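Each chain, written out:
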Amino acid sequence: MNRKLLAIAPLLVFAFVCVFLYQGLFANPREIQTGRIGHEMPAFTLPDLMQDNKQWTNEALKGEVYLLNVWGTWCPTCLAELGYLTKLREQGVKIIGLYYVQGYDADFDGPFDMQALRTEVQDMLERAGNPYQFNILDLHRTLSLDLGVSGAPETFLIDKNGTILLHHTGDINPRVWRSKFAPMMQELK
Amino acid sequence: MKWLLFSLSLLLTTSALAQTDRYVFDTDEQAVRFEELTKELRCPKCQNQNIADSDAIVAKDLRERVVELVKEGNTKDEVIDYMIDRYGYFVHYDPPVTPATLVLWVLPVLIVIVGFGFIVIRQRKASVKQTWSNQDEVLLNKLIEQNKRQEQS
């Protein structure tokens, strides 16, 4: 009996390694950044992207379930998901944009050209659809850092109390929505 | 001879470090802490680089935040915890012992123990002393006789 067990041990080890490596083939290495899940939205005060003199705070966003979508006009995947996000807006999902400015450095680039950015954003949203209630401008990517954002697009699901429930890295498409977001949205209703 | 010594001495020049310090710290200790941290923290975007090596925007942002935190007098562990709060355990190259990572720490030790155990057991079995009594001698002779008869018949 013992001998038999010993004889099949290498086979068992081999099978284990096979299973381990096989699931590694389909694992998404970007799925593991979950530092902020279960925590409250970090405190921030940031300007609106389109309006002068309008400031948004974490307190002001409380009270409703919403998606916080990190995006930028420089990001092709963000452009690709705008259409589907707009559909979601039409279905009644509240989506707030967090505009992630790509590598702006005051020391090199001089004063920030707000008007150029606004025109660019407006053009893109007119062409591809506008899923956003409004956009928050994260010029120095401080809120992004506090949220554990590593790039764009990324999307957070936040509940009425301002607690972060989901952090998705990558685009939102029907498949991702069905498997990840829809079940949670259902629960929140 | 003189020329030979001179040309040999040319080989003895020390290499100048071409890297300029982009961040200025109040104390050397802070600079060292920054250096260590940027090597241990992993870039969340380009996943096989630390934030010292990576040119991704997020790595630059993290470096700058590390500078701020170090200048504020945070210890190394405090900075690491700050980053783990935001980016998860993933951001540190030295994973802590948790139920999920336990296998990483236990498995190698286990393999070594099992391997040595196997060797020891084999060794013991192989070195068991053979005993040989008169009775065995009689039995052996009997068996040989039987065998012979079988062959003859």
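Residues numbered from 1 in each chain as written. Chains lettered and ligands numbered in written order. Predicted model: local features only at pLDDT ≥ 70, side-chain atom pairs only at ≥ 80, totals over all residues.

Peer 1: Help me out: how do you make sense of the overall build of chain A in this one?
Peer 2: Across its full length, chain A carries six helices and seven strands. For chain A, the succession of helices and strands along the chain, N to C, is α-β-β-β-α-β-α-α-β-α-β-β-α. Along the three orthogonal principal directions, the C-alpha set of chain A runs to about 80 × 45 × 35 Å. Across the 189 residues that make up chain A, the buried fraction comes to 26%. Put simply, 78% of the contacts in chain A that link residues at least 6 apart link residues at least 24 apart. (Helix = DSSP H or I, 4+ residues; strand = E, 2+ residues; numbered from the N terminus. Buried ≥ 20, exposed ≤ 12 C-beta atoms within 10 Å, placed from the backbone. Contact = placed C-beta atoms within 7 Å.)

Peer 1: I tried to follow the overall build of chain B on my own but got confused; where do I start?
Peer 2: For chain B, the count of helices and strands is six helices and zero strands. In terms of overall dimensions, chain B is more spread out than a globule: its C-alpha atoms have a radius of gyration of 34 Å, far above the 15 Å expected for 153 residues. A principal-axis box enclosing the C-alpha atoms of chain B has dimensions of 100 × 65 × 30 Å. Looking at chain B as a whole, 14% of its 153 residues qualify as buried. Long-range pairs, those at least 24 residues apart, make up 41% of the contacts in chain B between residues at least 6 apart in sequence. (Rg over C-alpha atoms; globule rule 2.2 N^0.38 Å.)

Peer 1: Looking at this structure, how should I read the nonpolar core?
Peer 2: Within soluble globular proteins, side chains that are nonpolar generally end up buried alongside one another. Of all hydrophobic cores here, the largest spans 26 residues; its most connected members are L98, Y99 and F156 of chain A. Contributions of two or more residues to this core are made by β3 (66-71), α2 (76-90), β4 (95-100), β5 (135-138), α5 (142-147) and β6 (154-158) of chain A. Here Y99 of chain A is in contact with L49, W71, G72, N135, I136, L137 and D138 of chain A, once residues within four sequence places are set aside. Counting 15 residues, the second largest nonpolar core, distinct from the first, contains L62, V66, V79 and F90 of chain B. (Core = buried A, V, L, I, M, F, W, Y, C linked by C-beta atoms within 7 Å.)

Peer 1: How should I be thinking about helix α3 (residues 57-71) of chain B in this particular structure?
Peer 2: Residue pairs spaced three or four apart in an α-helix point in one direction, given the helix's 3.6 residues per turn. All names here are of chain B. Between its first and last C-alpha, α3 extends 21 Å over 15 residues, near the 21 Å set by a 1.5 Å rise per residue. Restricting attention to buried positions, one finds in α3 the residues V58, A59, L62, R63, V66 and V70. For α3, the angular spread of the buried residues around the axis is 140 degrees, confining them to a single face. Packed against the buried residues of α3 are α2 (28-40) and α4 (76-87). Two residues or fewer past α3, G73 is found with a positive phi of approximately 95 degrees. (Expected span 1.5 Å × (residues − 1). Arc of directions from axis to C-beta.)

Peer 1: Is there a simple way to explain the sheet that holds β6 of chain A in this structure?
Peer 2: Hydrogen bonds along the backbone pair up the strands of a sheet, which may run parallel or antiparallel. Residue and element names in this part refer to chain A. The mixed open sheet is built from five strands, whose spatial order is β5-β4-β3-β6-β7. Strands at the two margins of the open sheet, each flanked by one partner only, are β5 and β7 (164-169). Going across the sheet, the axis of each strand differs from the next one's by a mean of 20 degrees, ignoring polarity. The pairing of β4 with β5 spans four bridges and is classified as parallel. (Pairing = 2+ DSSP bridges. Axes fitted to C-alpha atoms, helices over the stretch in contact; angles between N-to-C directions.)

Peer 1: Explain the interface of chain B and chain A to me, please; I cannot follow it from the model alone.
Peer 2: Put simply, an interface is often sized by how much accessible area is lost when its parts join up. With 13 residues of chain B at the interface, the matching set in chain A holds 14 residues. The set of elements that each furnish at least two residues to the side of chain B that touches chain A consists of α3 and α4 of chain B. Tallied by class, residues from the side of chain B that touches chain A come to six nonpolar, two polar and five charged. (Nonpolar A, V, L, I, M, F, W, Y, C, P; charged D, E, K, R; others polar.)

Peer 1: Just to check I follow, could you spell out the packing of α2 of chain B against α3 of chain B for this structure?
Peer 2: When two helices pack together, their arrangement is given by the angle between the helix axes and the distance between those axes. All names here are of chain B. Across the interface, α2 lies against α3 with an axial gap of 10 Å and an inter-helix angle of 145 degrees. Every pair of crossing elements has a handedness; the one defined by α2 and α3 is right-handed. On α3, the residues touching Q30, R33, F34, L37 and T38 of α2 are R63, V66, V67, V70 and K71. (Left-handed = near helix turned anticlockwise from the far one by under 90°.)

Peer 1: What's the story with the pairing of β4 of chain A in this structure? I'm lost.
Peer 2: On any regular strand, side chains alternate: one points to one face of the sheet, the next to the other face. All names here are of chain A. Sheet topology places β3 next to β4; five bridges connect them, and they run parallel. What sits directly across from N69, in β4, is G97. After leaving β3, the chain enters α2 and then returns to the sheet as β4, a path that is right-handed. (Right-handed = clockwise from strand over helix to strand, strands pointing away.)

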